[in-house]
Amino acid sequence: MMSAMTLPAKLDQLTAEQLRALVLQQAAIMTRHDRELHWRQTKIDKLTHEVAYYKRHYFGVKAERLPVEQGQLFEETLAADMAAITEELAQLSSKPKGQAKRKPLPPELPRTEVHHEPESTTCPCGCQMKRIGEDIAEKLDYTPGTFTVERHIRGKWACAQCETLVQAPVPAHVIDKGIPTTGLLAHVLIAKYLDHLPLYRLERIFERQEVHIARSTMCAWMAAAAQLVGPLVALMASRVKQSRVIHTDDTTVPIQSPGEKQCRKGRIWTYLGDRSHPYIVYQYTPNRSRAGPAGWLAGFTGYLQADAYGGYDGIYAHGGVTEVACWAHARRKFFEAKETDSKRAAAMLTMIRELYAVEDEAKLLDDAARRALRQQNSAPLLARIKIWLDAEQEVVLPRSEMGQAITYALNQWDALCVYATQGVLNIDNNASERALKRVALGRKNWLFAGHDAAAENHARLWSLIASCERHGVDPQRYLTSVLAKLPFTPEHELDQFLPDVWKCDDDATSTPTTG
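This report concerns the structure included in the present document. (Residues numbered from 1 in each chain as written. Predicted model: local features only at pLDDT ≥ 70, side-chain atom pairs only at ≥ 80, totals over all residues. Heavy atoms only, no water.)

1. Some points on the packing of helix 15 (residues 452-470) against helix 16 (residues 475-485)
Following both chains from N to C, one finds helix 15 and helix 16 inclined at 130 degrees, their axes separated by 10 Å at the closest point. By the angle between their axes, helix 15 is oblique relative to helix 16. Seen from above, helix 15 lies across helix 16 with right-handed handedness. Between helix 15 and helix 16, the residues in contact are Leu464, Ile465 and Cys468 and Pro475, Tyr478 and Leu479, respectively. For the contact of helix 15 with helix 16, the per-class residue count stands at six nonpolar, no polar and no charged. (Axes fitted to C-alpha atoms, helices over the stretch in contact; angles between N-to-C directions. Helix = DSSP H or I, 4+ residues; strand = E, 2+ residues; numbered from the N terminus. Parallel < 35°, antiparallel > 145°, perpendicular 65-115°, else oblique. Left-handed = near helix turned anticlockwise from the far one by under 90°. Contact = heavy atoms within 4.5 Å. Nonpolar A, V, L, I, M, F, W, Y, C, P; charged D, E, K, R; others polar.)

Structural data, given as structure tokens:
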């Protein structure tokens, strides 16, 4: 800090003009001091916030729970709440505790019977005993996955008179002249894209069963499968674009760059269709330019729920697409600001929790009833939050964490309120974030994609597996079936392989008929 100005020894001998000049000099020094103190305090607050953020990120609980300070807002109801809790606990403690019951093992699992009988069934009195019953206890066993070999034998038939030769044609396979059946190929895809196993681990697992398949070979298998399912994924994408509402988000994926010291960052985007078009489609782009989502969403009209990424602005500007912001993103800003402004953070987080309480009540309602409930309960809450944000913006430092959180919310305010106008919309974009979790888990294990084409293959195969999970379809059975039929299925008949359609057909064929 700058040192204060040295005062003259004989102040009483200074003239009025000299005293006035001295006062102005001292005022200028104090202004500079105040400015520097303000800068330093702002810097300290920023560093305090960053330290708290990284400590929580690396060592703390990841859940964004309300801070302890929230309880101070409800001290006036503490006695009543404690009495209610005490009464509830008393009621619960009066009920006898039942022993936890183990769920029965699935009946469709194959059973191997192991019989245990006494060594002798002759009674000590000399009579022969009769079997009057039995006790059965089931134990769950596991045999590691085993390989089997399909031998495709094509008989040769010849005519003894004219020497004509007839032989069945080679059936279509995903990998021409390759060794994998669709079952093995589906297993490799699921291990990589659902269970997040790097191929070198899968290679070692296979070696334990004395089957040697190089990871480079499995890479080629995955590329062939991704090319085969390309038209099916394109069909899913076209269906998603027909949705009234699309959720979207993106995350990074490392891409190897030969000759460079580190991987470059590509992007994986996800697009979730609505209930009428229930598919999850992923897209890869080499960077985060707006051309990626703008190209994918070309022709779409409806509601787009996304974060505040500026690349979407061009999509909204053309009309036909309404921006729906995410309250989870807005809430996260205030949660991260609680280390430096706990009181305001607690106040805002509490109001946001009230919004989510309305959503909890609206979960089981239809769209019309949900919209009515939001107009009745959420709209007044949103108006109260807006008043609070406007008032606090006037007194909070703009560059502080709280100031940035308030600015973010106000900049997104119109989009944050859109969800309350329609029952079909969600309050947040958490569905997209959950869909991208598989990408985050994957890159922690297989670390990077070898090149752009490999990342594009990842996106196609993720689309199928994620959509299977959305419909509760076993991806192993689905991929085994679909990969076997795709090579000789015309493009106009691909609808039968959409996960929801396939599930309905599979359920119909699996259900036994009664006569």
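2. Overview of the pairing of strand 5 (residues 280-285)
A large share of strand 5 lies buried, amounting to six of its six residues. Of the two faces of strand 5, both are covered, the one formed by Ile280, Tyr282 and Tyr284 as well as the one formed by Val281, Gln283 and Thr285. Sheet analysis places strand 4 (residues 264-272) next to strand 5, joined by six bridges and oriented antiparallel. Counterpart to Tyr271 in the pairing with strand 5 is Val281. (Buried < 20%, exposed > 50% of the residue type's maximum accessible area, 1.4 Å probe, protein only. Pairing = 2+ DSSP bridges.)

3. Looking at the packing of aromatic side chains
Tallying each qualifying case throughout the model produces eleven aromatic pairs. Taking the centre distance of 5.4 Å and the plane angle of 85 degrees together, the rings of Tyr309 and Tyr312 count as edge-to-face. Using a relative accessible area of 17% as the deciding quantity, one classes Tyr309 as buried. Judged by its relative accessible area of 0%, Tyr312 is buried. (Phe/Tyr/Trp six-rings, centres within 6.5 Å; stacked < 30°, edge-to-face > 60°.)

4. Comments concerning the sheet that holds strand 7 (residues 321-324)
Pairing between the strands of a sheet is mediated by backbone hydrogen bonds and can be parallel or antiparallel. Strand order across the open sheet formed by five strands is 5-4-3-6-7, with mixed pairing between neighbours. In the strand order of this sheet, the two ends are held by strand 5 and strand 7, each with one partner. Recorded for the sheet is a direction-independent mean angle of 30 degrees between the axes of neighbouring strands. With respect to the sheet, helix 14 (residues 437-445) is in contact with strand 3 (245-255), strand 4 and strand 5, its orientation differing from that of strand 3 by roughly 10 degrees. Against the sheet, helix 15 touches strand 3, strand 4 and strand 5, its axis set at about 170 degrees to strand 5.

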